[in-house]
Structure formats: C-alpha cells, structure tokens
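Summary of the model geometry
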Amino acid sequence: MEKILVIGAAGQIGSELTLALRNVYGDSNVYATDIKDAPKDVKKSGPFQILDVMDEKRLIHFVIRYKITQIYLLAAVLSGNAERLPLQAWDINMRSLLNILDLAREVGVKKIFWPSSIAVFGLTTPKINTPQLTFTEPNTVYGISKLAGERWCEYYYKRFSLDVRSIRYPGLISYKTEAGGGTTDYAVEIFYDAVEKGKYECFLKPDTKLPMMFMPDAIRATIELMEANENKLSIRSSYNISGITFDPKELSDEIKKSVPGFEITYKPDFRQAIAESWPQSIDDSVARNDWNWKHEYDLEKMTRIMLEETGKKLEKAK
Ligand code: SER
C-alpha cells in the first residue's frame, strides 16, 4: 500500500496533483501539506496539514509516523520571484530538495518526484526542438537551482539507488490555483483579465515564443512517469516533455475568437530577458521512447477550457 506525501499541495501543481493522486491511490493515502492553507477540495477529500519543508525535524517525524513511501516535492520559488531575492530563493529551492533526498535515503522512502523546468536551459542552448542532452547554462537563480537539483537527483540515484524521478515542465497553464511569480505566468493571467476586463497588459513582447503545457497534460505526465517501469527509465536527471508552443500574440488571437474586442498591450519588464534565455520548443523523444509520453491538449482546446473555467470561477467569486 502506497502512502504519499505531497509537499506544496496548495500550489499551482500541488492542488491538482493531490486530487489526481487521491483518485489513483485512495483519498486517505495521500497526505497533502503546505506552509499555507490549501483549497477546500484538497482539505475535504483527504488529510491536510501545515508543514514547512525547511523544518527537517517535523518532516522526518511526519514521514516515519505516516509510513510514507513516496514524496512529491512541489514547493519552490519561481523564476520571476527568485530574481527579486536570489540567495533566499537558492536556499529554499536547494535545501528543500536536499532535505528530502537525504531523508528519503535515511528512512527508506521508495520513490521521490521533484519538478525541474525549461529554466535549466540558457542562451547557449539551441532554441528550437531543444534536445534532452544539450548545453545547460542557465542565467537565472531559478534555473541554476533547477540544474543543480537535477544533478543531485541523478547523484542520489547512482550513489544510493534512490528512485528519484523528474520532469522539466514547460510553462504550466491552469485555472484552479494561480502560480504567481513565474515568467510563463502571463499565459494564465491573460485569461482572468480577458474574462473580467476584456483587455490585458502583457509583461512579455508579442513574439516571445515559449514552450507551454495545459495542466491536465502535466498531471498525467507526472503520474505516468511515477508509474513507469524502473528499468525503462534512462534519464535520472530530468525528462524533457513537450506540449504547445505559442507567443503572447498567438494566444491573444486565439482568445479573440471567443472574446470579441479583447485587447492586448505590451509592456515588457525584466522577465523578457528570462524568457529570451529559454527555448521555444522542446524535443521530448526520450520521454516518448522511455515511457510513451504524448501530450494531448493543443492551443485551441486549452484556450476554450481556460475561458470557460476562469469565467465560472470569476462568476462564483462575485
Ligand atoms: N513556469 C516557470 C516559471 O516561469 C518555469 O518553470 O518560473
């Protein structure tokens, strides 16, 4: 019987992944934790506790007490926010991972999931169809911490046979919980402003193409990777996965089809340079070969669902 700990269960990925994991492994077997309060459905459908991943002692007690067999570590400071407080972000992003890796090795937790990002790539990386193995010279604090994290994951796998699995997520688009602080998050904000105000001021230039993915694909990828046969996995740093590529202009054109009169203006800030250091599209052939990964949602389908769901959410909040 698996007992799963989700750290960061109130966040953009965690709030959806927790529910998906509960569907697979049973509500009472998935322990949701965060430093902040979680959405109602996360709290109602199973166990939830406030827990700080930096509090090593409580963490180890928790894992022993509930006989945890798998940990999903989703707590992190995203790219934009990390640039505002570089050393603090480095400390949080790295120490949380090292705490978990070492605790897992000591206590004997079977499997760990840790998300990496397209932020591990940098200006020297080929931008189109970025391969699994390529130059990785990130120049953001977030990217540096993700790259270092990938190396630690592989190290713990090779040195201690710890079964750590990881995905380099593209920008994630979702309606349930807002991300906050990421460079790709314009592609979430835009939907709220489109529905509420009919206009949006974008912090990236119109032609800034980035690799993106709709959350249901990201959740499915995560669970599929975690359930894949161990001998099939050739990558123990982190897998490239690909979804949709678009720029702010293409996304706004797609929104205009359903929100006539929608207006977008552009006022690039410091995140423009971050976006320009990242790839535009990702080659995920290794993930496809190893564990049959394939994305499902395209720009049109994702936009339709995002507009419907943000509309419902904003209506409810009135
Ligand atoms: N979505 C993240 C960010 O923009 C990238 O992993 O920070």
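Below: a short report on this structure. Since the model is a prediction, treat every value here as computed from it, not as a measurement.

**Considering the site of the ligand**
In the region of the ligand, the neighbouring residues are Leu78, Ser79, Ser117, Tyr142, Gly182, Thr183, Thr184 and Trp278. Contact distances for the ligand include 2.6 Å between an oxygen atom and a side-chain N or O atom of serine 79. Serine 117 has a polar side-chain atom sitting 2.6 Å from an oxygen atom of the ligand. In the complex, 94% of the free accessible area of the ligand, which totals 240 Å², lies under the protein chains. Classifying every residue of the shell around the ligand by side-chain character gives three nonpolar, five polar and no charged.

**Re the packing of aromatic side chains**
As enumerated under the stated definition, the model contains 14 aromatic pairs in all. Here the aromatic rings of tyrosine 155 and tyrosine 156 are separated by 6.2 Å at their centres, their planes lie at 65 degrees, and the arrangement is edge-to-face. A relative accessible area of 7% means that tyrosine 156 is categorised as buried. Centroid distance tyrosine 155 to phenylalanine 160: 6.3 Å. Interplanar angle 75 degrees. Geometry classified as edge-to-face. The partly exposed category is assigned to tyrosine 155, whose relative accessible area is 37%. Taken together, the ring pairs in this structure connect Trp152, Tyr155, Tyr156 and Phe160 into an aromatic cluster. Above the face of the tyrosine 157 ring, arginine 236 is positioned so that its terminal group lies 4.1 Å from the ring centre. A cation sits over an aromatic face here: arginine 271 above phenylalanine 203, 3.5 Å from the ring centre.

**What about helix H5 (residues 86-107)?**
Between its terminal C-alpha atoms H5 stretches 31 Å, which fits the 32 Å expected from 22 residues at 1.5 Å a residue. Those residues of H5 not exposed but buried are Ala89, Asn93, Met94, Ser96, Leu97, Asn99, Ile100, Leu101, Leu103 and Ala104. Downstream of H5 by a residue or two, glycine 108 has a phi angle that is positive, lying close to 90 degrees.

**Quick word on helix H1 (residues 14-25)**
In this model, H1 (twelve residues) spans 15 Å end to end at C-alpha, consistent with the 16 Å of a helix rising 1.5 Å per residue. Burial of H1 is extensive: nine of the twelve residues sit out of reach of the surface. Those residues of H1 that sit buried are Gly14, Ser15, Glu16, Leu17, Thr18, Ala20, Leu21, Arg22 and Tyr25. Buried residues along H1 sit against strand E1 (4-7), strand E2 (30-34), helix H2 (40-45), strand E4 (70-73) and helix H8 (215-227). Glycine 26 sits one or two residues past H1 and shows a positive phi near 100 degrees.

**Let's talk about the environment of threonine 245**
In this fold, threonine 245 is placed in strand E11 (residues 244-246). Given a relative accessible area of 34%, threonine 245 falls into the partly exposed group. Along the backbone, threonine 245 and serine 116 are 129 residues apart, and their C-alpha atoms lie at a distance of 18 Å. Not counting residues within four places of it along the chain, the set of residues in contact with threonine 245 comprises Lys209, Leu210, Pro211, Gln280 and Ser281.

**Examining the pairing of strand E9 (residues 210-214)**
In terms of residue burial, E9 counts as a mostly covered element, since five of its five residues are buried. On E9, burial covers both faces: Leu210, Met212 and Phe214 on one face and Pro211 and Met213 on the other are all buried. For E9 and E11, the ladder comprises three bridges, and the chain directions are antiparallel. Bridge assignment links methionine 212 to a residue of E11, and that residue is isoleucine 244.

**Some details on the pattern of salt bridges**
Enumeration according to the criterion identifies 23 salt bridges in this entry. Between aspartate 253 and lysine 249 there is a salt bridge whose closest N-O contact spans 2.8 Å. Here aspartate 253 and its partner lysine 249 are both found in helix H9 (residues 248-258), four residues apart, which amounts to about one turn of the helix. The shortest N-O distance in the salt bridge between arginine 288 and aspartate 284 comes to 2.7 Å.

**Quick notes on the packing of H9 against helix H12 (residues 299-317)**
Where H9 contacts H12, the axes come no closer than 10 Å and their chain directions differ by 55 degrees. By the criterion of interaxial angle, the relationship of H9 to H12 is oblique. As for the relative orientation of H9 and H12, their crossing is right-handed in sense. On H12, the residues touching Glu250, Leu251, Glu254, Ile255 and Ser258 of H9 are Leu299, Glu300, Met302, Thr303 and Leu307.

Rules used throughout
- Residues numbered from 1 in each chain as written.
- Predicted model: local features only at pLDDT ≥ 70, side-chain atom pairs only at ≥ 80, totals over all residues.
- Heavy atoms only, no water.
- Near = heavy atom within 4 Å.
- Polar contact = N/O pair within 3.5 Å; in protein donor to acceptor, adjacent residues only side chain to side chain.
- Areas by Shrake-Rupley, 256 points an atom, 1.4 Å probe, with all protein chains shown as cover.
- Nonpolar A, V, L, I, M, F, W, Y, C, P; charged D, E, K, R; others polar.
- Phe/Tyr/Trp six-rings, centres within 6.5 Å; stacked < 30°, edge-to-face > 60°.
- Buried < 20%, exposed > 50% of the residue type's maximum accessible area, 1.4 Å probe, protein only.
- Lys NZ or Arg CZ within 6 Å of the ring centre and 35° of its normal.
- Helix = DSSP H or I, 4+ residues; strand = E, 2+ residues; numbered from the N terminus.
- Expected span 1.5 Å × (residues − 1).
- Contact = heavy atoms within 4.5 Å.
- Pairing = 2+ DSSP bridges.
- Salt bridge = Lys/Arg side-chain N within 4 Å of Asp/Glu carboxyl O.
- Axes fitted to C-alpha atoms, helices over the stretch in contact; angles between N-to-C directions.
- Parallel < 35°, antiparallel > 145°, perpendicular 65-115°, else oblique.
- Left-handed = near helix turned anticlockwise from the far one by under 90°.

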